[in-house]
Amino acid sequence: MKQDLRKRKTLLQIKGIACSSCCKTSHEANVPALLRCARCRMSYYCSKQCQKIDFPDHKHFCLALYDLANLEESWWPCEGESEWNKRIVQHIRLLDDLLDRPATAAEKNFLFFQPKCQVCFLTPLELTSPQKFIPCSNCRVVACCSNEHWDIHRSKHQALCKTYEQVVECDMIQYERGGEGVLWAPETWDKSKSFPPLPADWDAYFAWRKAPSFIPKYARVASHSLSGPLTVLEALERFYKKNTLHSLEELVIHILGAAQFEIMSLMAYEELMHVLPDFKTLRMVLIGFDIPDSKNVSVDCCSLCTEAKRTRNIVFFKGAYHEYVQSSEFLTPHLAVGFNSGLYEDDTELWMPTVHCLIEKDIPCVFTSYSKSEADQDLATIKGWGAKIYAGAKKNKWKSLVPIVEPMIVDKFFHNNNFKTLFKGRL
Ligand SMILES: [Zn+2]
Ligand SMILES: [Zn+2]
Ligand SMILES: [Zn+2]
Ligand SMILES: [Zn+2]
Ligand SMILES: [Zn+2]
């Protein structure tokens, strides 16, 4: 899995600003310009050597892009965003056939985030040869096809250029760390056990957890993986009294609809043990369809936790939640979490029996959403299923600070765990 994450390209690579192999810009590689792959016309290299190194990974995808460019019926001029969206969805659908295997997430992203003019939606494969995109000289990831189109888009972009810069910074840090992005507060804890409540915001949190070495961009990336455990802590704070939380021997958390990101972020959940240092065993149960089918994994704790005889245990259950509930492995959790479930939109019929189980078993739950409108729709759906709401589509102060670019809508960003809904039992 780590190997696959390495193959992921950074935004600067996808946009043709950095070498697809070594990730250097032309400036960093000390060359006048990057070389463009002559066949696909979408990958760039600082040298022949770098192109050669990348070739084994690139050649299949390169051919598929070449074939795509020559499939006349799948190209139509896009005058507006909705046309561009229809076309990109069609292209991604074609990709599996062209590759003769399912496209990887990295390959799909390469198409989704390819450079495009923010005004007329022109893309690299449509450009006639001497013409090139003009990237923003500051953030470098936003481009227009001409100075005229920059004149139209510039004022709108100026307000967002800083956010795009943050996107690039976070992307680079995550890339350098092999896609993990797990940077988190040091292995210490507050002996006075002041939790709950949690501090007021992320800045106060990092100060409380004595992470002064975090410069802003690292703090931002750390918030991406810490957002999960802190959202959990705040929900525990809402559902349990301090005395109860401090008398627990064991904490059981269910993560619903878990996928690769939740697996990659698992290390950050040790933060639960550092903020709530009284319990001995943390049991995380990940339930979902996109996870390995392994049973029971013991995970090492940091040296301080090991000294304090704490243990962490992770269970993967590949399947639906109601199947897990009926299995012999079922452990009643202190909290069940659905991160960015989008349950109103995707797999609603799969989420329904899950939420019904949670309601019937009176399990405290927190569900998060990327945006306010999604949170409102998730809330309406959960309410419709009869849940008693404790907090409905509220802003989550422990949202991830990493802005994620929405590929289908120009200049739109979202955040993991941006809004939250808490519920428990039946109304
Ligand atoms: Zn290179
Ligand atoms: Zn190529
Ligand atoms: Zn244009
Ligand atoms: Zn910019
Ligand atoms: Zn620890």
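Rules behind the numbers
- Residues numbered from 1 in each chain as written.
- Chains lettered and ligands numbered in written order.
- Predicted model: local features only at pLDDT ≥ 70, side-chain atom pairs only at ≥ 80, totals over all residues.
- Heavy atoms only, no water.
- Phe/Tyr/Trp six-rings, centres within 6.5 Å; stacked < 30°, edge-to-face > 60°.
- Helix = DSSP H or I, 4+ residues; strand = E, 2+ residues; numbered from the N terminus.
- 1 Å grid on protein atoms, 1.4 Å probe; cavity = no way out; pocket = protein on both sides within 12 Å on 5 of 7 lines; lining within 4 Å.
- Points joined across faces, edges and corners; volume = space filled by probe spheres on them.
- Nonpolar A, V, L, I, M, F, W, Y, C, P; charged D, E, K, R; others polar.
- Domains from an automatic or database assignment.
- Donors = N, O, S within 2.8 Å, 3.2 Å for Na, K, Ca; no water.
- Tetrahedral: all angles 85-135°; square planar, octahedral: opposite > 155°, others 65-115°.
- UniProt positions renumbered as here; feature names shortened; annotations may be inferred.
- Axes fitted to C-alpha atoms, helices over the stretch in contact; angles between N-to-C directions.
- Left-handed = near helix turned anticlockwise from the far one by under 90°.
- Contact = heavy atoms within 4.5 Å.
- Core = buried A, V, L, I, M, F, W, Y, C linked by side-chain atoms within 4.5 Å.
- Buried < 20%, exposed > 50% of the residue type's maximum accessible area, 1.4 Å probe, protein only.

If you look the chain up in an unreviewed UniProt entry, it shows as 4391_t:CDS:1 from Paraglomus brasilianum.

Thoughts on the packing of aromatic side chains
Within this structure, the stated rule accounts for 15 aromatic pairs. Geometrically, the ring pair formed by Trp202 and Trp398 is edge-to-face, given 5.1 Å between the ring centres and 85° between the ring planes. Here Trp202, found in helix α9 (residues 202-208), pairs with Trp398, found in the loop between β11 (387-395) and β12 (404-405); they are 196 residues apart in sequence, far enough to count as distant. In this structure an aromatic cluster arises from ring pairing among Trp202, Tyr205, Phe206, Trp208 and Trp398.

A few points about empty space enclosed by the protein
Tallying each qualifying case throughout the model produces 3 cavities of 30 Å³ or more. By volume, the largest cavity amounts to about 200 Å³. Every residue lining the largest cavity is counted, 19 residues in all, and those nearest its centre are Lys15, Lys116, Gln118, Tyr164 and Val405. Of the residues contributing to the lining of the largest cavity, the split by class is 12 nonpolar, 2 polar and 5 charged. Counting contributing residues per domain, the lining of the largest cavity is built from domain 1 (2-168) and domain 2 (202-426), each supplying no fewer than three. Here the second largest cavity is characterised by a volume of approximately 80 Å³.

Things to note about the coordination of the zinc ion (ligand 4)
Reference values for coordination geometry: four tetrahedral donors around a metal ideally subtend 109.5 degrees, six octahedral donors ideally subtend 90 or 180 degrees. Listed as protein donors to the zinc ion (ligand 4) are Cys136 (SG), Cys139 (SG), His157 (NE2) and Cys161 (SG); their distances from the metal cover 2.0 to 2.3 Å. With 4 donor atoms in place around the zinc ion (ligand 4) and angles of 105 to 118° between them, the coordination shape is tetrahedral. Read from N- to C-terminus, the donor residues coordinating the zinc ion (ligand 4) fall into the pattern C-x2-C-x17-H-x3-C. One end of the pair, Cys136, is in the loop between β3 (134-135) and β4 (143-144); the other, Cys161, is in helix α8 (residues 161-176), and 25 residues separate them in sequence.

Section: the UniProt feature "domain: MYND-type" (unreviewed entry) in the chain
The UniProt entry lists residues 19-62 under the feature "domain: MYND-type" (unreviewed entry), expressed in the numbering used here. The distance from the first to the last C-alpha atom of residues 19-62 is 15 Å, and the span holds 43% helix and 9% strand.

With respect to the packing of helix α5 (residues 81-99) against helix α6 (residues 105-112)
Taken N-terminus to C-terminus, the directions of α5 and α6 make an angle of 145°; their axes are 10 Å apart at the nearest point. Crossing geometry of α5 relative to α6 is assigned as right-handed. Of the residues in α6, those touching α5 at Trp84, Ile88, His91, Ile92, Leu95 and Leu99 are Glu107, Lys108, Leu111 and Phe112. Considered class by class, the residues forming the contact of α5 with α6 number 7 nonpolar, 1 polar and 2 charged.

Notes on the nonpolar core
Nonpolar side chains tend toward joint burial in soluble globular proteins. In this structure, Met42, Leu65, Leu95, Leu111, Cys139, Val141 and Tyr164 are the most contacted members of the largest nonpolar core, which totals 55 residues. At the level of secondary structure, the elements contributing two or more residues to this core comprise α2 (11-14), β2 (44-45), α4 (48-69), α5, α6, β4 and α8. Taken domain by domain, the makeup of this core includes at least three residues from each of domain 1 (2-168) and domain 2 (202-426). In this view, Met42 contacts Arg36, Leu65, Phe110, Leu111, Gln114, Pro124 and Leu125; residues no more than four positions away in its chain are not counted. Counting residues in hydrophobic clusters, the runner-up holds 48 residues, among them Trp189, Leu245, Leu248 and Ala391.

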